[in-house]
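# Examination of the molecular architecture
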Amino acid sequence: MKIIDVVAAILEQNGRILLAQRDAGSDQAGLWEFPGGKVEAGESQPEALKRELDEELGICARIDDYVSSNQWQQGERIIRLHAWRVADFTGELQQRCHSALVWVTPQQAQKYALAPADVPLLADYIAAQGDAR
């Protein structure tokens, strides 16, 4: 069975996090997600996330703490999704492959139609925020 590692960024700014809406031509079109993408051969997760954020959003990000992971089977593949905090970035956000971007509080994010793989990542992020207080 093929294993595919995917990284996702929980971008933080002024107590809010960034959600990106998948565009009409993508898998799970219209659902909201944490931006990111596949880890390529030879890349670390932070390196892959930095590259993906540049490609998708046009920003240069400093990857912070690991948040959590989850995995699921999709046909003959196992997808492993790994979330990382990003509290600092430079550049202006650009919608290169998403139909919308929105800054929301973590609690507001729970009301959005999130891609199923992102739901446990948000829950783990919120739990970690509570533990940090």
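Before reading on, note that the structure itself is shown above.
I will try to describe carefully the structure that is included in this document. (Residues numbered from 1 in each chain as written. Predicted model: local features only at pLDDT ≥ 70, side-chain atom pairs only at ≥ 80, totals over all residues. Heavy atoms only, no water.)

## Digging into the packing of aromatic side chains
Quick note on the threshold: Note on ring pairs: Phe, Tyr and Trp rings are taken, using the six-membered ring of Trp, and paired if centres are within 6.5 Å. Classes follow the plane angle, with under 30 degrees stacked, over 60 edge-to-face and the rest tilted. Strands are runs of DSSP state E lasting at least 2 residues, helices are runs of H or I lasting at least 4, and numbering of each runs from the N terminus. Between buried and exposed lies partly exposed: a residue is buried under 20% and exposed over 50% of the maximum accessible area for its type, with that area taken using a 1.4 Å probe on protein chains only.
With the rule as written, the count across this model stands at 2 aromatic pairs. A centroid spacing of 5.1 Å and a plane angle of 80° characterise the contact between Trp 32 and Tyr 112, whose relative ring orientation is edge-to-face. Taken together, the residues Trp 32 in strand β3 (residues 32-33) and Tyr 112 in the loop between α2 (106-109) and α3 (119-132) connect sequence positions 80 residues apart. With relative accessibility at 11%, the residue Trp 32 sits in the buried group.

## Here we look at the environment of Ala 24
In this fold, Ala 24 is placed in the loop between β2 (16-22) and β3. By relative accessible area, which is 76% here, Ala 24 ends up exposed. Placed 73 residues apart in sequence, Ala 24 and Cys 97 show a C-alpha to C-alpha distance of 9.8 Å.

## Overview of the pattern of salt bridges
Rule in force here: Salt bridges are identified by distance alone: a Lys or Arg side-chain nitrogen within 4 Å of an Asp or Glu carboxyl oxygen.
With the rule as written, the count across this model stands at 9 salt bridges. Between Arg 51 and Glu 52 there is a salt bridge whose closest N-O contact spans 3.1 Å. Overall, the relative accessible area of 22% leaves Arg 51 in the partly exposed class. The partner of Arg 51 in a salt bridge is Glu 55, with the nearest N and O atoms 3.2 Å apart. With a gap of 4 residues between them, Arg 51 and Glu 55 both fall in helix α1 (residues 45-57), about one helical turn apart. Relative accessible area serves as the criterion here: at 42%, Glu 55 is assigned to the partly exposed category.

## Focus: the layout of surface pockets
To be explicit about the condition: Cavity means a closed set of points on a 1 Å grid over the protein atoms alone, one where a 1.4 Å probe fits but cannot get out, pocket means an open set with protein on both sides within 12 Å along at least 5 of 7 lines, and lining means a residue has an atom within 4 Å of a point. Grid points are joined across faces, edges and corners, and a volume is the space filled by probe spheres set on the points. Gly falls in the polar group here, along with every residue not listed as nonpolar (Ala, Val, Leu, Ile, Met, Phe, Trp, Tyr, Cys, Pro) or charged (Asp, Glu, Lys, Arg).
Counted as a void, the largest pocket has a volume near 630 Å³. Lining of the largest pocket is provided by 27 residues; of these, Val 6, Arg 22, Asp 27, Gln 28 and Glu 33 occupy positions nearest its centre. Looking at the lining of the largest pocket, the elements that each hand over two or more residues are β1 (2-13), β4 (36-38), β6 (66-74) and β7 (77-86). Looking at the lining of the largest pocket element by element, the count peaks at 4 residues for β1. In terms of residue class, the lining of the largest pocket is built from 13 nonpolar, 6 polar and 8 charged.

## Observations concerning the state of the cysteines
The cut-off we apply is this: Throughout, a disulfide means two cysteine sulfur atoms within 2.5 Å of one another.
Counting across every chain of the model gives 0 disulfides. There is no disulfide at Cys 97, and the cysteine sulfur nearest it, in Cys 60, is 17 Å away.

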